[in-house]
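Fold and contact review
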Amino acid sequence: MKDLKYLAALSIPMVAFLGLNLGGVYSYLTPVYAFVIIPVLELVFPVDNSNYSEKDFQIRLKNKLFDWLLYLNLPIVFGLVIYALLFIISHELETYEFVGFIISIGIVLGVNGINVGHELGHRQSTNERFIGKALLLPALYMHFYIEHNFGHHLHAATKEDPATARYNQTVYAFWFSSVIRQYAGAWKIQKRLLQNNNLSFLSVKNDMLWFTLIQTLYLLSIYLIFGNIGFLFAFFSAVTGFILLETVNYIEHYGLLRLKTPSGRYERVKEIHSWNSNHVIGRIVLYELTRHSDHHYKSSKKYQTLDCYDESPQMPYGYPTSMVLAMIPPLWFHIMNKRVPREMIGA
């Protein structure tokens, strides 16, 4: 039964559903839950830095329950988006309620959409990758699959990586630089992949063209069915979702840079090149994304088997709490800058 703890990740869409139906000030119930209640719970619950034995590792690796807990997010995310669209066009909403619903659904798209899509995007199964890409669709971030898998994991903790925040860079500046550079990077990677296989730009193997077409048809369909209000809701919910992702990207590698070897090449990615957090609430809600050091060290590992390492830089708070702190740059710099290894700052 303890393995069902990851069902707690579904508390976010449940709270969003509740907020939709209650309306009024409760339209902001999801952001309050995600960025006030969960951070408070992270401070209350103890940190768990234990790892699994080899026996437990193999049991968890083969247990399909952990996979189905991820797959469950697909109908929930799309079901909630459709329900929200039907709800907003059938009710007269105040502007503040409309904004609250956008933020709420955006949080779901970031946590239960992009985050789960990220995990499944690393799988070898075609079906799992398909589900992962589908979960990126409502956030209009399907290019993330290409840039993350073929770009970020290669260049993480270097200046060449759009998703690695520089020392003293604010989260707000990072939003713009990361979003723009990752999208441009995805096209560059796609072009290289096509050239390596002697394929033309118009090849059916050009995933970026497919992603662009699918996302355009997605928005067009919403506009035709739900009108201007539905279109605005879907678009800005997507923006909220990928801004949430970029905030996570910001804290995952902030200030950490790989050193160069005498040959001029970067050292390989190690456990020291990502911020780790063992705060149990954030671990559960984000499907162990907070054990990010091990994820980059061994990207093929499934979320339920990730370990923590003593040598990994540890965040003083969980990821949800750290995201809130990142929104206040002076406070973030005060807490985090002294934790960044000196040798990495000028790398």
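In the annotation of an unreviewed UniProt entry, the chain is listed under the name Alkane 1-monooxygenase and assigned to Gaetbulibacter aquiaggeris. UniProt, in its Sequence similarities (unreviewed entry) section for the chain, records the words "Belongs to the fatty acid desaturase type 1 family. AlkB subfamily." Entered under Subcellular location (unreviewed entry) in the UniProt record, the comment concerning the chain runs "Cell inner membrane".

Scanning the chain for helices and strands turns up 15 helices and 0 strands. In terms of C-alpha radius of gyration, the chain reaches 20 Å, essentially the compact-globule figure of 20 Å for 347 residues. Projected onto its principal axes, the C-alpha positions of the chain cover 65 × 55 × 45 Å. Within the chain, the fraction of its 347 residues that count as buried is 54%. Sequence separation of 24 or more characterises 73% of the internal contacts of the chain that already satisfy a separation of 6 or more. Carbon and sulfur atoms make up 66% of the accessible area of the chain, which totals about 16,000 Å². Side-chain charges of the chain comprise 29 positive and 25 negative groups, with the mean position of each set lying 8 Å from the other.

Time to look at the UniProt feature "domain: Fatty acid desaturase" (unreviewed entry) in the chain. Those residues carrying the UniProt feature "domain: Fatty acid desaturase" (unreviewed entry) are residues 101-307 in this numbering. The span residues 101-307 is 62% helical and 0% strand by assignment, and the distance between its end C-alpha atoms comes to 36 Å.

Before going further, it helps to spend a moment on the packing of aromatic side chains. Any pair of aromatic rings gets described here by the distance separating the centres and the angle formed by the planes. Under the counting rule described, the total for this entry stands at 25 aromatic pairs. For the pair tyrosine 6 and tyrosine 303, a centre-to-centre distance of 5.2 Å together with 85 degrees between the ring planes defines the contact as edge-to-face. Of this pair, tyrosine 6 sits in the segment before helix 1 (11-22) while tyrosine 303 sits in the loop between helix 12 (292-297) and helix 13 (319-326), placing them 297 residues apart in sequence. For the pair tyrosine 6 and tyrosine 303, one class covers both residues: buried. Taken together, the ring pairs connect Tyr167, Phe174, Tyr250, Tyr254, Trp332 and Phe333 into an aromatic cluster. Sitting over the face of the ring of tyrosine 145, lysine 133 holds its NZ or CZ atom 4.5 Å from the ring centroid.

It is worth spelling out the UniProt feature "transmembrane region" (unreviewed entry) in the chain at this point. Mapped onto this numbering, the UniProt entry annotates "transmembrane region" (unreviewed entry) at residues 7-26, 32-47, 68-89, 95-118, 130-146, 208-226, 231-251 and 317-335. Along residues 95-118 the backbone is 100% helical and 0% strand, and the end-to-end C-alpha distance reaches 33 Å. The distance separating the terminal C-alpha atoms of residues 317-335 is 10 Å; by composition the span is 79% helix and 0% strand.

With their axes 7 Å apart at the nearest point, helix 6 (residues 95-121) and helix 10 (residues 207-253) run at an angle of 50 degrees to one another. Relative to helix 10, helix 6 is oriented oblique. As helix 6 runs across helix 10, the sense of the crossing is right-handed. The segment helix 6 lies against helix 10, with Phe98, Phe101, Ile102, Ile103, Ile105, Gly106, Ile107, Leu109, Gly110, Val111 and Ile114 engaging Ile229, Leu232, Phe233, Phe236, Ser237, Ala238, Thr240, Gly241, Phe242, Leu244 and Leu245. Classifying every residue of the contact of helix 6 with helix 10 by side-chain character gives 17 nonpolar, 5 polar and no charged.

Let us look at a nonpolar patch on the surface. On the surface, Val204, Trp210, Leu213, Ile214, Leu217, Leu220, Tyr223, Leu224 and Ile225 cluster together into a nonpolar patch covering about 890 Å² of accessible area. Tracing the chain through its elements places isoleucine 225 in helix 10.

Turning our attention to helix 1. Spanning 12 residues, helix 1 covers 16 Å between terminal C-alpha atoms, matching the ideal 16 Å at 1.5 Å per step. For helix 1, the full list of buried residues reads Ser11, Ile12, Pro13, Val15, Ala16, Gly19 and Leu20. Looking at the buried residues of helix 1, the elements they touch are helix 2 (29-44), helix 5 (73-89), helix 6 and helix 11 (280-285). Positioned one or two residues after helix 1, glycine 23 has a phi angle of 65 degrees, which is positive.

Leave glycine aside and you will find that most residues have negative phi; peptide bonds, for their part, are mostly trans. Although it is not a glycine, leucine 140 sits at a positive phi angle of roughly 55 degrees. Tracing the backbone through its elements, the reader meets leucine 140 in the loop between helix 7 (126-136) and helix 8 (144-155). For leucine 140, a relative accessible area of 15% corresponds to the buried category. You will see that alanine 157, though not glycine, has its phi angle at about 65 degrees, which is positive.

Summed over the entire model, instances satisfying the criterion amount to 11 salt bridges. In this structure, aspartate 67 and lysine 302 form a salt bridge, with 3.4 Å as the shortest nitrogen-oxygen distance. Separated by 235 residues along the polypeptide, aspartate 67 in helix 4 (residues 65-71) and lysine 302 in the loop between helix 12 and helix 13 bring together distant segments of the chain. Both residues of the pair, aspartate 67 and lysine 302, belong to the buried class. A salt bridge links aspartate 307 to lysine 301; the shortest N-O distance between them is 3.2 Å. On the basis of relative accessibility, which here comes to 15%, the residue aspartate 307 falls in the buried class. Looking at lysine 301, the relative accessible area reads 12%, which means it is buried. When salt bridges with common partners are traced through the structure, they connect Lys64, Asp67, Glu119, Arg123, Glu128 and Lys302 into a single cluster.

Criteria and cut-off values
- Residues numbered from 1 in each chain as written.
- Predicted model: local features only at pLDDT ≥ 70, side-chain atom pairs only at ≥ 80, totals over all residues.
- Heavy atoms only, no water.
- UniProt positions renumbered as here; feature names shortened; annotations may be inferred.
- Helix = DSSP H or I, 4+ residues; strand = E, 2+ residues; numbered from the N terminus.
- Rg over C-alpha atoms; globule rule 2.2 N^0.38 Å.
- Buried < 20%, exposed > 50% of the residue type's maximum accessible area, 1.4 Å probe, protein only.
- Contact = heavy atoms within 4.5 Å.
- Areas by Shrake-Rupley, 256 points an atom, 1.4 Å probe, with all protein chains shown as cover.
- Lys, Arg positive; Asp, Glu negative; His and termini not counted.
- Charge placed at Lys NZ, Arg CZ, Asp CG, Glu CD.
- Phe/Tyr/Trp six-rings, centres within 6.5 Å; stacked < 30°, edge-to-face > 60°.
- Lys NZ or Arg CZ within 6 Å of the ring centre and 35° of its normal.
- Axes fitted to C-alpha atoms, helices over the stretch in contact; angles between N-to-C directions.
- Parallel < 35°, antiparallel > 145°, perpendicular 65-115°, else oblique.
- Left-handed = near helix turned anticlockwise from the far one by under 90°.
- Nonpolar A, V, L, I, M, F, W, Y, C, P; charged D, E, K, R; others polar.
- Patch = residues over 30% accessible without salt bridge, like charges linked within 9 Å, V, L, I, M, F, W, Y side chains within 5 Å.
- Salt bridge = Lys/Arg side-chain N within 4 Å of Asp/Glu carboxyl O.
- Expected span 1.5 Å × (residues − 1).

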